[in-house]
Amino acid sequence: MAIRKRFSPLPGFGLSLGYTIFYLALIVLIPLSAVGAKTIGMGWEAFWAAVSNPRVVASYELSFGASLLAAAVNVVFGLIFAWVLVRYRFPGKGLVDALVDLPFALPTAVAGIALATIYAENGPIGSLLKPYGIEVAYNPNGVLLALIFIGLPFVVRTVQPVLADLEKEVEEAAAGLGASRWQTFVKVILPHVLPALLTGFAMAFARAVGEYGSVIFIAGNVPMVSEITPLMIITKLEQYDYAGATAVASVMLIFSFILLLIINGLQGWMQNRYSKGA
Amino acid sequence: MSATIALQHGSLERYETPSTREPQWIKVLLIGIALTFFTVFLLFPLVAVFVEAFRKGWGTYLAALSSHDALAAIRLTLLTAAIAVPLNLFFGISAAWAIAKFEFPGKRLLITLIDLPFSVSPVISGLIYVLLFGAQGWFGEWFAAHDIKILFAVPGIVLATIFVTFPFVARELIPLMEAQGSEEEEAAVVLGASGWQVFWHTTLPNIKWGLLYGVILCNARAMGEFGAVSVVSGHIRGMTNTMPLHVEILYNEYNYAAAFAVASLLALLAIVTLGLKTLVERQSHKQKTESLALENAS
């Protein structure tokens, strides 16, 4: 197989690969390497001062904390969504299935102003919550809310096909052997969808950490309280502190690359797992 | 990491038999939870955009859309997408051809690198072009000396948009073309077809739905990108504001009706995108079932 492909009679290998690498270098690799070069050029002390500034550290805590929490919420509700969409019939199902991807399709700025308007204390949902002392908009709760919105489709769309592929016979066998429905879920179904759930979690988390547009309108952006890390980069840029902005960006980039490796590993695990079963 | 959902070919439904059924109350509860979450988190924001847009009536709505700055923003958004999408489409086809049809070392690494822009925060996607073309940037002086403006001008906006939408088409086509193999193309070459004929008559019909799917998602992101464009735009009204940036400015000026009027166009774009996406998924599913049926028949 490999040999046959190596001597492929198809034309265009050099041209297509050459153009691919050229365009990749021009658009992605060279620009991204500017962050590395600028960071190395600024020296350790300036770098450390920028990335360990208390206001920046507070933003890491919010960004990473809220992103983890949002991804965890998405795992629970994403699994319920996927389950309901794969297994049940109910009115409005087609609409639900199509709109699950809304957070991918709706521009983040639009999502941001819509969420801020709804959950503000005079908005339709915010005004309902206010008597109970729950304030969502313009504080860290708003950040969490926007990140839950943005991450939901990642979990639903990775779990849904895996759940649909699970052979009916496996569950029937478990039931036949005397397992209760709950035991079948915990011991058969959950282990089967676990790689997909973890992949969805990691993707939602990675997206949430870098998210900007949907968050800033509802966050309130109070220093030390509700500023996310991407906003810190913008703030530094607006003060013409390019070195500081780059230092914070390089911290985020390193984190993103580690997550990317983890996600690639998880996807490899998923592929092995699910292609064997088929 | 893929930030897009891959085009699904199989059926995504699987209904229960008696031995694998949950109690009725659990079923109702789960559907109830999903529908509540759906209403509060997805439906409400979408509806709110249109409600707010029309709160002050059609007159205000139309006035907001036909203002000079709004029209300029719409033009810039269309122009940006018209440049970014074809470039990334061409790249996607080229990358998928090289990766799916040939074996070479470093292939997995190349795929990971193509995915990179998806895992970079939009803000950083903008920042990198500031570092390159800013006053103290690598190429900043050279472009300034030649009186070419990249940053805080249209070229910077286009570049940042190309960056954030870079993987969409490639990401869609690579797995699709890998799964299809290259037997058909090889047969065509043996029968004397030229490279271009092979692509046009053999490959393209097989990948057309995946291609369209990638283009639709790429276009939606290109028109809706906010963070990256915000960093490089400079926010000059009527000049370097795209539609999402115009929405931000109006909103921050407490001009909510106008902000939501422009936002409603973007929400409409999202709805059209989701509609087309569903349609393409259905067509692709049909094509797949038909070709399977043909294989089984022969």
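Residues numbered from 1 in each chain as written. Chains lettered and ligands numbered in written order. Predicted model: local features only at pLDDT ≥ 70, side-chain atom pairs only at ≥ 80, totals over all residues. Heavy atoms only, no water.

**Student:** Mind showing me how you'd approach the overall build of chain B here?
**Tutor:** Looking only at helices and strands, chain B has 13 helices and zero strands in total. Written out in order from the N terminus, the α and β elements of chain B read α-α-α-α-α-α-α-α-α-α-α-α-α. Oriented by its inertia axes, the alpha-carbon framework of chain B measures out at about 65 × 60 × 30 Å. When the 298 residues of chain B are sorted by exposure, 54% land in the buried category. Sequence-distant contacts, at least 24 apart, represent 74% of the contacts inside chain B between residues at least 6 apart. In the form shown here, chain B has an accessible surface area of approximately 12,900 Å², with 67% of it arising from carbon and sulfur atoms. (Helix = DSSP H or I, 4+ residues; strand = E, 2+ residues; numbered from the N terminus. Buried < 20%, exposed > 50% of the residue type's maximum accessible area, 1.4 Å probe, protein only. Contact = heavy atoms within 4.5 Å. Areas by Shrake-Rupley, 256 points an atom, 1.4 Å probe, with all protein chains shown as cover.)

**Student:** What should I look at first to understand the overall build of chain A in this one?
**Tutor:** A tally of regular secondary structure across chain A gives 14 helices and zero strands. Along the chain direction, N to C, the helices and strands of chain A fall in the order α-α-α-α-α-α-α-α-α-α-α-α-α-α. Over its C-alpha atoms, taken along the principal directions, chain A stretches across nearly 70 × 65 × 30 Å. A buried classification covers 56% of the 278 residues belonging to chain A. A separation of at least 24 residues holds for 76% of the contacts in chain A among residues at least 6 apart in sequence. Entry remark: accessible area of chain A is about 11,600 Å², with carbon and sulfur atoms responsible for 68%. Looking at charge distribution, chain A has the averaged site of its 17 positive side-chain charges lying 11 Å from that of its 15 negative ones. (Lys, Arg positive; Asp, Glu negative; His and termini not counted. Charge placed at Lys NZ, Arg CZ, Asp CG, Glu CD.)

**Student:** How should I be thinking about helix H2 (residues 13-41) of chain A in this particular structure?
**Tutor:** Side chains that are three or four residues apart share a direction in an α-helix, a result of its 3.6 residues per turn. Residues and elements named next belong to chain A. Considering bend angle alone, the principal kink of H2 is centred on Ala25 and spans about 50 degrees. The complete set of buried residues in H2 reads Ser16, Leu17, Thr20, Tyr23, Leu24, Ile27, Val28, Pro31, Leu32, Ala34, Val35 and Thr39. Of the residues one or two after H2, Gly43 is the one with positive phi, at around 85 degrees. (Bend = angle between axes of the 7 residues up to and from the residue.)

**Student:** When you look at the interface of chain B and chain A in this model, what are you seeing that I'm missing?
**Tutor:** One frequently used descriptor of interface size is the decrease in accessible area upon assembly of the parts. Between chain B and chain A, the contact holds 96 residues from the first and 102 residues from the second. For the pairing of chain B and chain A, the buried interface totals around 9,300 Å² over both sides, and the portion due to carbon and sulfur atoms is 76%. Taken together, the connections running from chain B to chain A amount to two salt bridges. A:Asp101 is the partner of B:Lys277 in a salt bridge, and the nearest nitrogen-oxygen pair spans 2.6 Å. Of all the elements, helix H1 (residues 24-53) of chain B adds the most residues to the side of chain B that touches chain A, at 18 residues. Its residues placed into classes, the side of chain B that touches chain A shows 63 nonpolar, 19 polar and 14 charged. (Buried area = accessible area lost by both parts, 1.4 Å probe. Salt bridge = Lys/Arg side-chain N within 4 Å of Asp/Glu carboxyl O. Nonpolar A, V, L, I, M, F, W, Y, C, P; charged D, E, K, R; others polar.)

**Student:** Which parts of the structure should I look at to understand the packing of aromatic side chains?
**Tutor:** Describing an aromatic ring pair means giving the distance of the ring centres and the angle of the ring planes. Following the criterion strictly, the structure yields 37 aromatic pairs over all chains and no others. Judged by centre distance (5.4 Å) and plane angle (90 degrees), the rings of A:Phe217 and B:Tyr251 are edge-to-face. Taken together, the positions of A:Phe217 in helix H12 (residues 213-219) and B:Tyr251 in helix H12 (residues 243-252) put the pair across two chains. The same class applies to A:Phe217 as to B:Tyr251, namely buried. If you follow A:Arg87 out to its NZ or CZ, it ends over the ring of A:Trp83, 4.3 Å from the centre. (Phe/Tyr/Trp six-rings, centres within 6.5 Å; stacked < 30°, edge-to-face > 60°. Lys NZ or Arg CZ within 6 Å of the ring centre and 35° of its normal.)

**Student:** Please clarify how the packing of helix H3 (residues 68-101) of chain B against helix H4 (residues 107-115) of chain B should be interpreted in this entry.
**Tutor:** Relative placement of two packed helices is described by the angle separating their axes and the distance separating the axes. Residues and elements named next belong to chain B. Relative orientation of the contacting elements H3 and H4 amounts to 160 degrees, with a least axis distance of 11 Å. Considering their axes alone, H3 and H4 lie roughly antiparallel with respect to each other. The hand of the H3/H4 crossing is left-handed. Contacts between H3 and H4 involve Phe91, Ala95 and Ile99 on the former and, on the latter, Lys107, Leu110, Ile111 and Ile114. Residue classes in the contact of H3 with H4 are distributed as six nonpolar, no polar and one charged. (Axes fitted to C-alpha atoms, helices over the stretch in contact; angles between N-to-C directions. Parallel < 35°, antiparallel > 145°, perpendicular 65-115°, else oblique. Left-handed = near helix turned anticlockwise from the far one by under 90°.)

**Student:** Sorry, what's going on with the packing of helix H4 (residues 54-87) of chain A against helix H13 (residues 229-238) of chain A here?
**Tutor:** All names here are of chain A. Two elements in contact, H4 and H13, have axes separated by 8 Å at closest approach and are oriented at 150 degrees. The orientation of H4 relative to H13 falls into the category roughly antiparallel. In this structure, H4 uses Arg55, Val56, Ser59, Tyr60 and Ser63 to contact H13, whose residues at the interface are Thr229, Pro230, Met232, Thr235 and Lys236. Grouping the constituent residues of the contact of H4 with H13 by class yields four nonpolar, four polar and two charged.

**Student:** Help me out: how do you make sense of the confidence of the model for chain A in this one?
**Tutor:** A low pLDDT score tells you not to read the predicted coordinates there in detail. On average, residues of chain A carry a pLDDT of 91, and 96% of them reach 70 or more. pLDDT under 50 marks residues 1-5 of chain A. Its contacts with residues more than four places away, or in other chains, come to five contacts. (pLDDT = per-residue confidence, 0-100.)

**Student:** Would you mind going over unusual backbone geometry with me for this structure?
**Tutor:** A negative phi angle characterises most non-glycine residues, just as the trans form characterises most peptide bonds. In this model, A:Tyr240 sits at a positive phi of 60 degrees, which is unusual for a non-glycine residue. When its relative accessible area of 65% is taken as the criterion, A:Tyr240 is described as exposed. In this model, B:Asp147 sits at a positive phi of 60 degrees, which is unusual for a non-glycine residue. In this structure, B:Asp147 sits in the loop between helix H6 (140-145) and helix H7 (154-165). With relative accessibility at 72%, the residue B:Asp147 sits in the exposed group.

**Student:** How do you make sense of the nonpolar core when you look at a structure like this?
**Tutor:** When a protein is soluble and globular, its nonpolar side chains tend to lie buried together. If you look at the biggest cluster of nonpolar residues, it comprises 197 residues, and the most contacted ones within it are A:Leu106, A:Ile233, B:Ile114, B:Tyr129, B:Phe163 and B:Leu173. Residues within four places of A:Ile233 in sequence aside, it is in contact with A:Ala245, A:Val248, A:Ala249, A:Met252, B:Val123, B:Ile124 and B:Leu127. (Core = buried A, V, L, I, M, F, W, Y, C linked by side-chain atoms within 4.5 Å.)

**Student:** When you look at the pattern of salt bridges in this model, what are you seeing that I'm missing?
**Tutor:** Close approach of charged atoms lets side chains of opposite charge pair. Under the definition given, this model contains 18 salt bridges over all chains. Its salt-bridge partner being A:Arg55, residue A:Glu227 comes within 2.8 Å of it at the nearest N-O pair. Placement of the pair is A:Glu227 in the loop between H12 and H13 and A:Arg55 in helix H4, with a sequence separation of 172 residues. The exposure class of A:Glu227 is buried, given its relative accessible area of 5%. Put simply, A:Arg207 and A:Glu211 hold a salt bridge, and the shortest N to O gap is 3.0 Å. Pair check on accessibility: A:Arg207 and A:Glu211 agree, each one buried. Linked by salt bridges that have partners in common, A:Asp97, A:Asp101, A:Arg157, B:Lys277 and B:Glu281 make up one network.

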